[in-house]
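What follows is the residue order along each chain.
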Amino acid sequence: MENYKYILFTKRTLLLLLLLIILIFPVLSQETDLPELVSNLDKGMALLENGDYPGAEEAFRNILEEDSNNDDAAVGLGRAVIYQDRLDEAYEIFNKAAESFNSPDAWFFKGYIQYKRGNKEQAREDYLKAIESGYSYFDAWFNIGHIYYYEDEYLEAESWFRKALDRDQNFASSWYYLGLCKYRQDLDAYYEFAKTIELDPSYMMAYVYRGALLDRVKEYQRAVADYTKAVELDPDYAWGYFYLGKDLERIDRSAEAVENFDKAVSLGLINARVYDGLAGSFWSLKKYDKAAEYYDKAVEQAPDSAWVYNNRGYFYKQNWQRKNYVKAIEDFKMAIHLDPEWATPYNYLGFTYNVLRKYKEAIAPLREAVRLAPDWKIGRASCRERV
């Protein structure tokens, strides 16, 4: 009897199981494609990460043929296309994904394409929509800061770079651009550039700007070390050799300064500042003919700049071996003509007249120097003496 009950129970159980299979089979059959879709998505992502963009594109298109509402596949397809430099096609894909699914990634990449096209205002709007729709990676905040930075809105840019750092403290460029914002506002950004270098010791421009900050406080030896590192990292960075040359001259290493200025010129940096640097270094080396040659070249490069005439005039006024007061006076007058609000050439002109004992002629430029720079005690005392 017990065996009969057991057999009856077993038969009933089997019947119930059979009925259950019959009922759920259609549902199961509808889901048979799900593992395949997931597999294709993983495959597409793997191909994308490995740089096989055509393969990733094919995988994502296959998914979208089966499921046109798969937002992950749509964004993946857009990425695969954009990495093949088909910006217009990628933009249409991201635009559809953004409008259809409000996909944060789609909004972000829309902004990226707009930025590459030069549409910075639209890019900023798309990045903001990405953030509003849930985008969480730091780069949206960083890119908005980048836009503000190149619009010279340094304070606003600074706030966005700080927000980027709130989300990722280890992205060197966030520290670098935060430092640039502070540097442009004449603030101390030494920590930011040092942090950039700590995170990425190969970040060449961080050394350059840290060197510039050290120049501000006349730490020329330390600045030389940073500029030296910069040109080691990028031997073709002409401005690095120029900055290095300027500081080598400041610490009386004039021969090395000349070598670096020459290197800058050989790399195509041909301008008044480099030639003026060469002139000053040759003057220090007592190569007066070469100094005069390069002061002339500086004037040729920037004939409308007051400072080149002022510097050449000072050379002719001060240098005993090449003293030429007539040329000095001409240069100081030209500097004054080009920049009437600059006190220095008035001061030098007045002293040149003093040396020539032309005291009446000295009074007017010295008075003007005192008016423009009241703290210049030497010029004021000389002016009072001649009056």
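Residues numbered from 1 in each chain as written. Predicted model: local features only at pLDDT ≥ 70, side-chain atom pairs only at ≥ 80, totals over all residues. Heavy atoms only, no water.

**Here we look at the overall build of the chain**
The test is simple: The helix count covers DSSP runs of H or I at least four residues long, the strand count covers runs of E at least two residues long, and both are numbered beginning at the N terminus. The rule is simple: take the accessible area with a 1.4 Å probe, protein chains only, and divide by the maximum for that residue type; under 20% is buried, over 50% is exposed, in between is partly exposed. Contacts are assigned to residue pairs with any non-hydrogen atoms lying within 4.5 Å of each other. Where accessible areas are quoted, they stem from the Shrake-Rupley method and a 1.4 Å probe; at the residue level, only the protein chains shown are allowed to cover.
The secondary structure content of the chain amounts to 22 helices and zero strands. The buried share of the chain, reckoned over its 387 residues, is 45%. Expressed as a percentage of contacts within the chain between residues at least 6 apart in sequence, the contacts between residues at least 24 apart total 45%. Split by element, the accessible area of the chain, about 21400 Å² in all, is 51% carbon and sulfur.

**A word on the confidence of the model for the chain**
Defined as follows: pLDDT expresses, on a scale from 0 to 100, how confident the predictor is about each individual residue.
Predicted confidence across the chain gives a mean pLDDT of 89, with 87% of residues reaching 70 or more. Scored below 50 in pLDDT, residues 17-34 shows one contact in the model against residues more than four places distant or in partner chains.

**Focus on the pattern of salt bridges**
Where we set the bar: Take a side-chain nitrogen of Lys or Arg and a carboxyl oxygen of Asp or Glu: if they are within 4 Å of each other, that pair is a salt bridge.
Under the counting rule described, the total for this entry stands at 22 salt bridges. In this structure, the salt-bridge partner of Asp-331 is Arg-312, at a minimum N-O distance of 2.8 Å. Here Asp-331 is found in helix H19 (residues 325-338), whereas its partner Arg-312 is found in helix H18 (residues 306-318), with 19 residues between them in sequence. Several salt bridges converge on common partners, so that one network encompasses Glu-57, Arg-61, Arg-86 and Glu-89.

**Some points on the packing of helix H11 (residues 190-199) against helix H12 (residues 204-216)**
Put simply, the rule is: A fitted line through C-alpha atoms serves as each axis, taken over the contacting stretch for helices, and the angle formed by two N-to-C directions is quoted from 0 to 180°. These descriptions rest on fixed angle ranges, namely under 35 degrees for roughly parallel, over 145 for roughly antiparallel, 65 to 115 for roughly perpendicular, and the rest for oblique. Crossing handedness follows the turn of the near helix against the far one: under a right angle anticlockwise gives a left-handed crossing, and clockwise gives a right-handed one. All amino acids are sorted into three groups, where Ala, Val, Leu, Ile, Met, Phe, Trp, Tyr, Cys and Pro are nonpolar, Asp, Glu, Lys and Arg are charged, and the leftover types, Gly among them, are polar.
Viewed as axis vectors pointing N to C, H11 and H12 meet at an angle of 150 degrees, and their least axial separation amounts to 9 Å. Here H11 lies roughly antiparallel to H12, going by the angle between them. Crossing handedness for the pair H11 and H12: left-handed. On H12, the residues that touch Tyr-190, Phe-193, Ala-194, Thr-196 and Ile-197 of H11 are Ala-206, Tyr-207, Tyr-209, Arg-210, Leu-213 and Leu-214. A breakdown of the residues in the contact of H11 with H12 according to their chemical character gives nine nonpolar, one polar and one charged.

**So, the packing of aromatic side chains**
The geometry of an aromatic ring pair is captured by two quantities: the separation of the ring centres and the angle between the planes. Rules: Under the pairing criterion, centres of Phe, Tyr and Trp rings, with the six-membered ring standing for Trp, must be within 6.5 Å; the plane angle then separates stacked pairs below 30 degrees from edge-to-face pairs above 60, leaving the rest tilted. The criterion for a charge sitting over a ring is simple: Lys NZ or Arg CZ within 6 Å of the ring centre, and within 35 degrees of the ring normal.
A complete count under the given rule lists 36 aromatic pairs for this structure. Ring centres of Tyr-176 and Tyr-177 lie 5.2 Å apart, and the angle between their planes is 80 degrees; this geometry places the pair in the edge-to-face category. Accessibility expressed as a relative area gives 11% for Tyr-177, which makes it buried. Over the ring of Tyr-148 we find Arg-124, and its NZ or CZ is 4.4 Å from the ring centre.

**Looking at H12**
Stated formally: In this scheme, a helix's expected span is set at 1.5 Å multiplied by one less than its residue total.
Along its 13 residues, H12 runs 19 Å from first to last C-alpha, staying within 8% of the 18 Å computed at 1.5 Å per residue. Across the 13 residues of H12, 11 count as buried, placing the element largely inside the fold. Of the positions making up H12, those classed as buried are Met-204, Ala-206, Tyr-207, Val-208, Tyr-209, Arg-210, Gly-211, Ala-212, Leu-213, Leu-214 and Asp-215. Buried positions along H12 lie against helix H10 (172-184), H11, helix H13 (220-233) and helix H14 (238-250).

**Details of the side chain of Lys-317**
For the record, the criterion: Neither His nor the chain ends is counted toward charge; the positive residues are Lys and Arg and the negative residues Asp and Glu.
By the element assignment, Lys-317 lies in helix H18. We note that Lys-317 is buried and unpaired, the nearest opposite charge coming from Asp-331 at a distance of 13 Å. When near neighbours in sequence (up to four residues on either side) are disregarded, Lys-317 contacts Lys-323, Tyr-325, Ala-328, Phe-332, Tyr-348 and Thr-352.

**Notes on the side chain of Ser-173**
Rule in force here: Counted as a polar contact is a pair of N or O atoms within 3.5 Å, where, for protein atoms, one must be capable of donating a hydrogen and the other of accepting one, and residues adjacent in sequence contribute only when both atoms are in side chains.
Structurally, Ser-173 is set in helix H10. Here the side chain of Ser-173 touches Tyr-203 through a polar contact of 2.9 Å, side chain to side chain. Residue contacts for Ser-173: discarding those within four places in its chain leaves Phe-142 and Tyr-203.

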